[in-house]
Amino acid sequence: MRQIGLNVMIAFLWVLFQDEDAFRLTTFVTGYIIGIVVIYIVHKFFDQEFYPKKIWVSIKFLAVYLFQLLTATISIANYVLFKTNQMDPGLVTYKTQLDKDWEITFLTILIIITPGSTVIRVNREPSIFLIHAIDTTEKEKKSLLKSIKQYEELIVEVTK
């Protein structure tokens, strides 16, 4: 967050130093790009990663989640319309490697808002999720656990 604030400040300073009679977006963008270069050079002093990498990871996270949401929605619609008597609802457990409360909460929210699954209980000691799924056949169970693992990996990537 400090890096973004510093970058915006460098961009505004660049606009002021250009001594133009009006604020121009092109000058601001040029200053922002110069700020990115400056911050890249000195980002080791922040004890943080270079912030555009975090932005890229966040965009990747959003893309993966939207893809998972779309495929889960299509799958649920398929079950409701064509396979109502073939559903095998049940409980699935998932052991997570996340340790911070907000990471576990975020993973819980991602599981809940994905159609077809909901978190029933989170056991804090060994960090085990008890998840109700609309279909617990081996194939669907593997798919659900794979998508939860993917969410978990993305959360770790965003937070490190």
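The structure contained in this document is the topic of the report that follows. From a predicted model like this one, the values you see are computed outputs, not experimental measurements. (Residues numbered from 1 in each chain as written. Predicted model: local features only at pLDDT ≥ 70, side-chain atom pairs only at ≥ 80, totals over all residues. Heavy atoms only, no water.)

## Re the overall build of the protein
Part 1 of the argument: Assigned secondary structure in the protein consists of five helices and three strands.
Part 2 of the argument: Computed over the C-alpha atoms, the radius of gyration of the protein is 22 Å, more than 25% above the 15 Å expected from 2.2 N^0.38 for a compact globule of 160 residues.
Part 3 of the argument: Its C-alpha atoms give the protein principal-axis dimensions of about 70 × 40 × 20 Å.
Part 4 of the argument: Considering the protein as a whole, with its 160 residues, one finds that 31% of them fall into the buried category.
Part 5 of the argument: Long-range pairs, those at least 24 residues apart, make up 65% of the contacts in the protein between residues at least 6 apart in sequence.
Part 6 of the argument: By element, 66% of the accessible surface of the protein is carried by carbon and sulfur atoms, the whole surface being about 10,600 Å².
Part 7 of the argument: Computed over 17 positive and 16 negative side-chain charges, the inter-centroid distance for the protein is 5 Å. (Helix = DSSP H or I, 4+ residues; strand = E, 2+ residues; numbered from the N terminus. Rg over C-alpha atoms; globule rule 2.2 N^0.38 Å. Buried < 20%, exposed > 50% of the residue type's maximum accessible area, 1.4 Å probe, protein only. Contact = heavy atoms within 4.5 Å. Areas by Shrake-Rupley, 256 points an atom, 1.4 Å probe, with all protein chains shown as cover. Lys, Arg positive; Asp, Glu negative; His and termini not counted. Charge placed at Lys NZ, Arg CZ, Asp CG, Glu CD.)

## As for the pattern of salt bridges
Part 1 of the argument: Within this structure, the stated rule accounts for two salt bridges.
Part 2 of the argument: Salt-bridge contacts for arginine 24 lead to aspartate 21; the nearest nitrogen and oxygen are separated by 3.3 Å.
Part 3 of the argument: We classify arginine 24 as partly exposed; its relative accessible area is 40%.
Part 4 of the argument: When its relative accessible area of 73% is taken as the criterion, aspartate 21 is described as exposed.
Part 5 of the argument: Residues lysine 60 and glutamate 157 are paired through a salt bridge, measuring 3.3 Å at the closest nitrogen-oxygen approach. Taken together, the residues lysine 60 in helix H3 (residues 51-82) and glutamate 157 in helix H5 (residues 138-159) connect sequence positions 97 residues apart.
Part 6 of the argument: Overall, the relative accessible area of 31% leaves lysine 60 in the partly exposed class. (Salt bridge = Lys/Arg side-chain N within 4 Å of Asp/Glu carboxyl O.)

## Thoughts on the environment of threonine 96
Part 1 of the argument: Following the sequence through the fold, threonine 96 ends up in the loop between strand E1 (90-95) and helix H4 (101-112).
Part 2 of the argument: Residue classification places threonine 96 among the buried positions, given a relative accessible area of 4%.
Part 3 of the argument: Along the backbone, threonine 96 and glycine 116 are 20 residues apart, and their C-alpha atoms lie at a distance of 20 Å.
Part 4 of the argument: Filtering out sequence-adjacent residues up to four positions away, threonine 96 remains in contact with Leu107, Ser127, Phe129 and Glu152.
Part 5 of the argument: Within the local environment of threonine 96, its side chain forms a polar contact with the backbone nitrogen of leucine 98, the two atoms lying 3.1 Å apart. (Polar contact = N/O pair within 3.5 Å; in protein donor to acceptor, adjacent residues only side chain to side chain.)

## What about the nonpolar core?
Part 1 of the argument: By size, the foremost hydrophobic cluster in this structure holds 19 residues, and its most contacted members are Leu107, Ile111, Phe129, Ile131 and Ile148.
Part 2 of the argument: Listed by contribution, the elements that provide at least two residues to this core are H3, E1, H4, strand E3 (128-133) and H5.
Part 3 of the argument: Once residues within four sequence positions are removed from consideration, isoleucine 111 is found in contact with Ser117, Val119, Phe129, Ile131 and Ile148. (Core = buried A, V, L, I, M, F, W, Y, C linked by side-chain atoms within 4.5 Å.)

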